[in-house]
Amino acid sequence: MKTTLNREAIIRLCERVEGAQTRAYAIPKLTDEYPSMTMADGYAIQTELRKRFIEQGHKLVGWKAGLTSRAKMKQMGVDQPSIGFLTDKMSRPENSVISTSDLVHPRVECEIAFVTRERLVGPGCTAEDVLQATDYVLPAIEVIDSRFSGFKFDLESVVADNGSSARFVGGGRPRYVDELDLPTIGAVLEKNGEIVEMGAAAAVMDHPAAAVAMLVNILAEMGEELPAGSFVMSGGITAAVAVSPGDHVIARFQELGSISVRFGE
Ligand code: 0L1
Ligand code: MG
């Protein structure tokens, strides 16, 4: 990917995003200062952030596809999906209490996650390739946290902010893909006992495996591949729902069980 920002600007913007993520404060979208910043610049900032976290001892456990459903694109006013990386420090167990004091604008999404048993390499990766390389799928709740003030951003800024990645919870009932008709799997998101969102996995690019293939093809543009043993979230099936301390969220998936988490201070 060809960047338009020079190395100094990429480092400076990476430090800005890192500060906002690690100290939980909101910042203006990056394009306010660099209006002609491109997606390639956004991914260069994200890559720098990944390198820094790995140098600090975080372990890369996988990737996420974001903005993959029409509901999410409409909610956020963007027209194409994005990818971000996931580390061990973002992972939380099922039934845990997730702290919100270290987050800016937490929102939850219900997603189908893939665990791979073979490496996947783009360009040209297809949904069929992804299904072939998948060990199993499982339900996940993603807690996204845009660091941009008032949720005002564009795709370039979101990509630099690692696709708003913050926390994730995998769980429920892992299943082999050949036992399921993935696009028809229904998901219901409950907050404090009330259904707040519902949808079917087909909302994610017609098939969640297509979102994973898209992710592999973006990785290829960055000169990277998806190693075997990766945990990959395919994107929110519904719009994201804001959470605050005291909230209890359950994501119920047809065939895949459910995941429950609580939010604390
Ligand atoms: O996981 C995602 O769909 C990425 C969302 C990025 C934008 C947002 O913060 O809502
Ligand atoms: Mg997501």
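Residues numbered from 1 in each chain as written. Chains lettered and ligands numbered in written order. Predicted model: local features only at pLDDT ≥ 70, side-chain atom pairs only at ≥ 80, totals over all residues. Heavy atoms only, no water.

The name given to the chain in an unreviewed UniProt entry is 2-oxo-3-hexenedioate decarboxylase, with Amphritea pacifica as the source organism.

Caption draft 1: Summary view of the side chain of Ser146. Residue placement: Ser146 occurs in the loop between strand E5 (134–145) and helix H5 (155–160). Not counting residues within four places of it along the chain, the set of residues in contact with Ser146 comprises Val104, His105, Phe151, Phe153, Asp161 and Ser164. (Helix = DSSP H or I, 4+ residues; strand = E, 2+ residues; numbered from the N terminus. Contact = heavy atoms within 4.5 Å.)

Caption draft 2: Representation of the site of ligand 1 within the structure. In the region of ligand 1, 13 residues are neighbours, and Lys64, Leu67, Lys72, Glu142 and Ser164 sit closest. One nitrogen or oxygen atom from the side chain of Lys72 is found 3.2 Å from an oxygen atom belonging to ligand 1. Glu142 is positioned such that a nitrogen or oxygen atom in its side chain is 3.0 Å from an oxygen atom of ligand 1. Surface burial for ligand 1 is 100%, taken as the share of its 310 Å² of free accessible area covered by protein chains. Looking at the shell around ligand 1, the elements with two or more residues in it are strand E1 (60–66), helix H3 (70–76) and E5. (Near = heavy atom within 4 Å. Polar contact = N/O pair within 3.5 Å; in protein donor to acceptor, adjacent residues only side chain to side chain. Areas by Shrake-Rupley, 256 points an atom, 1.4 Å probe, with all protein chains shown as cover.)

Caption draft 3: Structural context of the sheet that holds strand E3 (residues 97–99). Pairing in this open sheet of five strands is mixed, and the strands run E3-E12-E11-E7-E8 from one edge to the other. Only two strands of the sheet have a single partner each, and these edge strands are E3 and strand E8 (194–200). If you compare each strand with its neighbour and ignore which way they point, the axes differ by 20 degrees on average. With five bridges connecting them, strand E7 (residues 186–191) and strand E11 (residues 248–253) associate as antiparallel partners. In the strand pairing of E11, Leu189 is matched with Ala251. (Pairing = 2+ DSSP bridges. Axes fitted to C-alpha atoms, helices over the stretch in contact; angles between N-to-C directions.)

Caption draft 4: Summary view of helix H1 (residues 7–23). A rise of 1.5 Å per residue sets the reference length of H1, with its 17 residues, at 24 Å; its end C-alpha atoms lie 24 Å apart and thus fit the reference within 8%. On its buried face, H1 sits against helix H2 (39–55) and H5. (Expected span 1.5 Å × (residues − 1).)

Caption draft 5: Just the coordination of the magnesium ion (ligand 2), in detail. Coordination of the magnesium ion (ligand 2) by the protein is provided by Glu109 (OE), Glu111 (OE) and Glu142 (OE), with metal-donor distances spanning 2.0 to 2.1 Å. Each donor residue of the magnesium ion (ligand 2) belongs to the same chain, and together they define the spacing E-x1-E-x30-E. A residue pair is termed long-range when its members are at least 10 positions apart, and Glu111 in strand E4 (residues 106–116) and Glu142 in strand E5 qualify at 31 residues. When sorted by exposure, Glu111 lands in the same class as Glu142, which is buried. (Donors = N, O, S within 2.8 Å, 3.2 Å for Na, K, Ca; no water. Buried < 20%, exposed > 50% of the residue type's maximum accessible area, 1.4 Å probe, protein only.)

Caption draft 6: The arrangement of the packing of aromatic side chains in detail. Here the structure, examined in full by the defined rule, presents five aromatic pairs. Look at Phe168 and Phe231: their rings are 5.2 Å apart centre to centre, the planes differ by 25 degrees, and that puts the pair in the stacked class. Here Phe231 lies in strand E9 (residues 231–233) and Phe168 lies in strand E6 (residues 165–170), a separation of 63 residues in the sequence. Of the two residues examined, Phe168 and Phe231, each falls in the buried class. Three or more aromatic residues link up through ring pairs in this structure, and these residues are Phe53, Trp63 and Phe85. Note that Arg107 overlies the ring of Phe151, its terminal NZ or CZ placed 3.6 Å from the centroid. (Phe/Tyr/Trp six-rings, centres within 6.5 Å; stacked < 30°, edge-to-face > 60°. Lys NZ or Arg CZ within 6 Å of the ring centre and 35° of its normal.)

Caption draft 7: Local environment of the pairing of E6. The buried count for E6 comes to five of six residues, which makes it a mostly enclosed element. Pairing of E5 with E6 involves five bridges; the strand directions are antiparallel. By the bridge assignment, Glu142 is partnered in E6 with Phe168.

Caption draft 8: Region of the structure containing empty space enclosed by the protein. Enumeration according to the criterion identifies one cavity of 30 Å³ or more in this entry. Within this model, the largest cavity holds a volume of roughly 130 Å³. If you go around the largest cavity, you meet 16 residues; those closest to its centre are Leu67, Lys72, Ile144, Gly163 and Ser164. Going through the elements one at a time, E1, H3 and E4 are the ones with two or more residues in the lining of the largest cavity. Taken together, the residues of the lining of the largest cavity sort by class into six nonpolar, six polar and four charged. (1 Å grid on protein atoms, 1.4 Å probe; cavity = no way out; pocket = protein on both sides within 12 Å on 5 of 7 lines; lining within 4 Å. Points joined across faces, edges and corners; volume = space filled by probe spheres on them. Nonpolar A, V, L, I, M, F, W, Y, C, P; charged D, E, K, R; others polar.)

Caption draft 9: Summary view of the nonpolar core. In terms of nonpolar packing, the biggest core is built from 86 residues, with Leu30, Ile45, Ile83, Val108, Ile112 and Phe231 touching the most fellow members. Looking at this core, the element that brings in the most residues is helix H6 (residues 208–221), giving nine residues. Those residues in contact with Val108, other than ones at most four positions away along the chain, are Ile141, Glu142, Val143, Leu189, Ala239, Ala240, Val241, Val243, Val249 and Phe263. (Core = buried A, V, L, I, M, F, W, Y, C linked by side-chain atoms within 4.5 Å.)

Caption draft 10: Quick peek at the layout of surface pockets. Of the voids in this model, the largest pocket is the one considered here, and its volume is about 260 Å³. Lining the largest pocket are 13 residues, and of these Gln21, Thr22, Phe53, Ala166 and Arg167 lie nearest its centre. For the lining of the largest pocket, the secondary-structure elements that each account for two or more residues are H1 and E6. Looking at side-chain class alone, the lining of the largest pocket contains four nonpolar, five polar and four charged residues.

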